[in-house]
Amino acid sequence: MTSGASEGSESDPMARIAELRTELARHNRLYHELDDPEIPDAEFDLMVNELRRLESQNPDLAAADSPGAVVGGMASATFAPVVHAVPMMSLDNAMDIDELMAWGERVERALDGEAITFVCEPKIDGLAMSLRYVDGELVTAATRGDGRVGEDVTANVLTIADIPPRLAGAPPVIEVRGEVYMPKSVFHDLNASASQSGERALVNPRNAAAGSLRQKDPSVTARRRLSFWAYQTGEVAGGEPVTSHRQGLDRVASLGFPVNPRITLCSAMAEVIEVCRSAIDHRHDLDYDVDGVVVKVDDLGQRERMGSTSRAPRWAIAFKFPPEERTTKLLDIEVSVGRTGRATPYAVLEPVFVGGSTVSMATLHNREQVAVKDVRPGDTVIVRKAGDVIPEVVGPVLSDRPVGAEPWVFPIRCECPLRSEFVQPSGEADTRCVEPACPFQRDQRVIYWASRGAMDIEGLGERTVMQLTEADLVRDVGDVYSLTVDQVEELEGFARISAEKLIAAIDVSRSRPAWRVLTGFGIRHLGPAASQALASAFGSVRAVLEADDEARAAVDGVGEVIASSIGQWFAEAPNRELVDRLEASGVAFDIVEGPAQGEEFEATLAGRAVVVTGAVPGLSRTEASAAVVARGGTAPGSVSGKTYALVVGEGAGASKLTKAEKLGIPIVPADRFDELLATGEIPQP
Ligand code: IVH
């Protein structure tokens, strides 16, 4: 087999390019279809690089379908928008068999006793893709985006061996739609080599597939060995008409696309339910992640008569699998203390892979939750992902409880050196450490002050804050502004230059806008949205603090709870002193700004309330709220019937999630937050 870079290829670049393209496509197939690669990754990369070099030297030979294709020599990290000829709709969900049956009844009613054939398809947990072929050539591969406009990822998609760059016998225009996914075996392989080379592991196959498609360099996508299942067509112009979905799938298969062999036809809902039940039992038997069963009406005429709502067809439904549960050992229950003193118990778990990622910690929320669940250190516990996102301890497996396991008792005192007392104010669910000098709270307050959503001090992250407080250089936020380069240089891991950088970053933070200062205080209930409203209304930090509760509460988006929480905070002598010290050390209190230049966003969320709970990757909670506000929305702290969406990340509050689920509020996982911001639409699972 000749595969590597061949000598003298430059003499006939056209032949070499053709050879490389064929070879790369073959290796791609060997790699993921047969699991039997003939060459190491490095050699594959060399071939891709050679191809790219030849193509850039011979632009007239560079075809869009090349596995090395890069537009204009370098693909862009931002992808061109593509307006879908036929919108890519989403699907309504059925969360259990009852909801599925209710959908079946609606279909039967709408079709008024006609015979119905249902098609059941595995719901692949990947990324929807629309492949547009004109005269048999793949011209555009686009992501779903908001359903109307997606992103052009053609160069990357061309590296997927399952997707033919050219079709024989295709109608003049055909859009083939389906799911790009990363096979589980590939995911494990890639992670095994990542761990050998010390690279960061991929989180789960879906994230990995999404990340792979967003690569700047298609050769990176090629190495990720993605796959594809076709399940639908978009625009089709010309060619033999089809009258059923199944015929459409057969045609797509005959054009060379992989169509899932587990697709089944059913002539009654009872059969559909059987298929769904069996799919739950066998969900782990496959080499790809499946998160449900898509049930569709087969007959295209019937589909037409049923029509669609604005976002989803009435003729299809996604039956979602119940959340996956796993058991693991509860190693211990520990308590973390936040910046406002809230003491939150959390489970320390033997790491377990559940719902797509490894879980080693899960919040237990509060004292009562631990008691209600009666989980005890040493127990085997059931763990799942609530809302498919948040790790949750469901309860103990009582039959496995070790002899002598004692109920967990909430500690009376904080673990901090002050051993400060924990109290549970009557009527409140939370237990608090009420000692403002508690070093744990203090650390969290400084971390919060420096965080990106507040004063945004580069280089002053959790680790450095801990070093500073341990060295007793920082006792509160005010001390940050009297640090010197010499002091910082003494800390482990710092040199002169890095110390100077940190001090410069602290200095820059003296000129932050007033709302950041207000946010940075970490006052209970006061987030960036209300801080911005207050700063604009009063013009300075001091004016906000010195106003009375009533005046503050009158500001749009503030209200009594926030207003009086600020009042209480400012009534405490140490807090007043802190404010004075910050002002004396040159922290600006009166910079009130509109949106910064270049930071004006489209009002995608105008008038919509988006609640954010838990961590959004790459953003602090406050930044996440600020992002909503910047797009015309509001970011309240609690879920109500008026909430447009609940964004949930790691560490989210279960009560918010439960309430949202009860009220039918859409839940958006934190890793889809940017889609929500960009489009204002609820991203579909
Ligand atoms: S059909 C109008 N079939 O699920 C119908 N979708 O929740 C459009 N998906 O965005 C979709 N497997 O990414 C369909 N067999 C399947 C599917 C499937 C996975 C995804 C797809 C879609 C999402 C909707």
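In this report, the structure presented in the accompanying data block is examined. Remember, it's a predicted structure, so these values are computed and weren't measured experimentally. (Residues numbered from 1 in each chain as written. Predicted model: local features only at pLDDT ≥ 70, side-chain atom pairs only at ≥ 80, totals over all residues. Heavy atoms only, no water.)

Right, let's talk about the overall build of the chain for a bit. The helix and strand inventory of the chain stands at 24 helices and 21 strands. Counting only contacts in the chain whose residues sit at least 6 apart along the sequence, the fraction spanning at least 24 positions is 67%. Only carbon and sulfur atoms are counted for the fraction: they give 51% of the accessible area of the chain, which is about 31900 Å². (Helix = DSSP H or I, 4+ residues; strand = E, 2+ residues; numbered from the N terminus. Contact = heavy atoms within 4.5 Å. Areas by Shrake-Rupley, 256 points an atom, 1.4 Å probe, with all protein chains shown as cover.)

The subject of this paragraph is the nonpolar core. The nonpolar side chains of soluble globular proteins are, as a tendency, buried together. Grouped together as the largest cluster of nonpolar side chains are 47 residues, with contacts concentrated most on Trp 449, Ile 457, Tyr 481, Leu 518, Phe 521, Leu 545 and Leu 582. Once residues lying within four places of it in the same chain are set aside, the contact partners of Leu 582 are Trp 449, Val 477, Gly 478, Tyr 481, Phe 521, Val 587 and Phe 589. Leu 131, Val 157, Phe 228 and Leu 255 belong to the second-largest nonpolar core, a separate cluster that totals 34 residues. (Core = buried A, V, L, I, M, F, W, Y, C linked by side-chain atoms within 4.5 Å. Buried < 20%, exposed > 50% of the residue type's maximum accessible area, 1.4 Å probe, protein only.)

This part takes up the sheet that holds strand E2 (residues 93-94). Strand order in the open sheet formed by five strands is E2-E11-E10-E3-E9, and the pairing between neighbours is mixed. Edge positions in the open sheet fall to E2 and strand E9 (264-266), since each of these has one partner strand only. In this structure, strand E3 (residues 118-124) lies alongside strand E10 (residues 290-297), joined through seven bridges in antiparallel fashion. Looking at E10, one finds that Glu 121 is bridged to Val 294. (Pairing = 2+ DSSP bridges.)

Turning our attention to the side chain of Glu 175. Summarising the element assignment, Glu 175 is placed in strand E7 (residues 173-181). Within the local environment of Glu 175, its side chain forms a polar contact with the side chain of Arg 177, the two groups lying 3.0 Å apart. (Polar contact = N/O pair within 3.5 Å; in protein donor to acceptor, adjacent residues only side chain to side chain.)

Around the ligand, the surrounding shell holds 15 residues, and the nearest of these are Glu 121, Ile 124, Glu 179, Tyr 231 and Lys 296. Contact between the ligand and Lys 296: a nitrogen atom at 3.0 Å from a side-chain N or O atom of the residue. In the complex, the protein chains occlude 93% of the 530 Å² of accessible area that the ligand would expose alone. Of all elements in the fold, only E3, strand E8 (227-237) and E10 reach the threshold of two or more residues within the shell around the ligand. If one sorts the elements of the shell around the ligand by residue count, E3 sits on top with four residues. Partitioning the shell around the ligand into residue classes produces nine nonpolar, one polar and five charged. (Near = heavy atom within 4 Å. Nonpolar A, V, L, I, M, F, W, Y, C, P; charged D, E, K, R; others polar.)

Moving on, we get to the side chain of Thr 328. With respect to the helices and strands, Thr 328 occurs in strand E12 (residues 325-337). Under the relative-accessibility criterion, Thr 328 is labelled buried at 7%. Aside from chain neighbours lying at most four places away, what touches Thr 328 is Leu 349, Glu 350, Pro 351, Val 352, Asp 379, Thr 380, Val 381 and Val 383.

Turning our attention to the pattern of salt bridges. Considering all chains together, one arrives at 34 salt bridges under this definition. With a shortest N-O distance of 2.5 Å, Arg 214 and Glu 151 are connected by a salt bridge. Of this pair, Arg 214 sits in the loop between helix H6 (205-213) and helix H7 (218-223) while Glu 151 sits in strand E6 (residues 149-151); the two residues are 63 residues apart in sequence, bridging distant segments of the chain. Accessibility expressed as a relative area gives 42% for Arg 214, which makes it partly exposed. Overall, the relative accessible area of 23% leaves Glu 151 in the partly exposed class. Close ionic contact of Arg 432 with Glu 428 constitutes a salt bridge, the shortest N to O distance being 3.9 Å. (Salt bridge = Lys/Arg side-chain N within 4 Å of Asp/Glu carboxyl O.)

Peptide bonds are trans in most cases, and residues, glycine excluded, mostly fall at negative phi. In this structure, Asp 135 takes a positive phi of about 50° despite not being glycine. Along the chain, Asp 135 falls in the loop between strand E4 (127-134) and strand E5 (137-143). Given the relative accessible area of 63%, Asp 135 is considered exposed. One non-glycine residue, Arg 225, adopts positive backbone phi at about 45°. You can see Arg 225 is positioned in the loop between H7 and E8. Given a relative accessible area of 3%, Arg 225 falls into the buried group.

With their axes 9 Å apart at the nearest point, helix H12 (residues 439-450) and helix H13 (residues 462-470) run at an angle of 135° to one another. Between H12 and H13, the angle is such that the two are oblique. The two elements H12 and H13 cross, and the hand of that crossing is right-handed. Across the interface between the two elements, Arg 442, Asp 443, Val 446 and Ile 447 from H12 touch Glu 462, Val 465, Met 466 and Thr 469 from H13. (Axes fitted to C-alpha atoms, helices over the stretch in contact; angles between N-to-C directions. Parallel < 35°, antiparallel > 145°, perpendicular 65-115°, else oblique. Left-handed = near helix turned anticlockwise from the far one by under 90°.)

All right, on to H13 then. Taken together, the buried positions of H13 are Thr 464, Val 465, Gln 467, Leu 468 and Thr 469. On the buried face of H13, the contacting elements are H12 and helix H15 (496-508). Just past H13, the residue Asp 472 takes up positive phi, approximately 65°.

Running from amino to carboxyl end, helix H3 (residues 97-110) crosses helix H9 (residues 269-281) at an angle of 150°, the nearest separation of the two axes being 11 Å. As the angle between them shows, H3 and H9 are arranged roughly antiparallel. The handedness of the crossing between H3 and H9 is right-handed. Residue-level inspection shows Ile 97, Leu 100, Met 101, Trp 103, Gly 104 and Glu 108 of H3 in contact with H9, the latter providing Met 269, Val 272, Ile 273, Cys 276 and Arg 277. A class-by-class count of the residues in the contact of H3 with H9 yields eight nonpolar, one polar and two charged.

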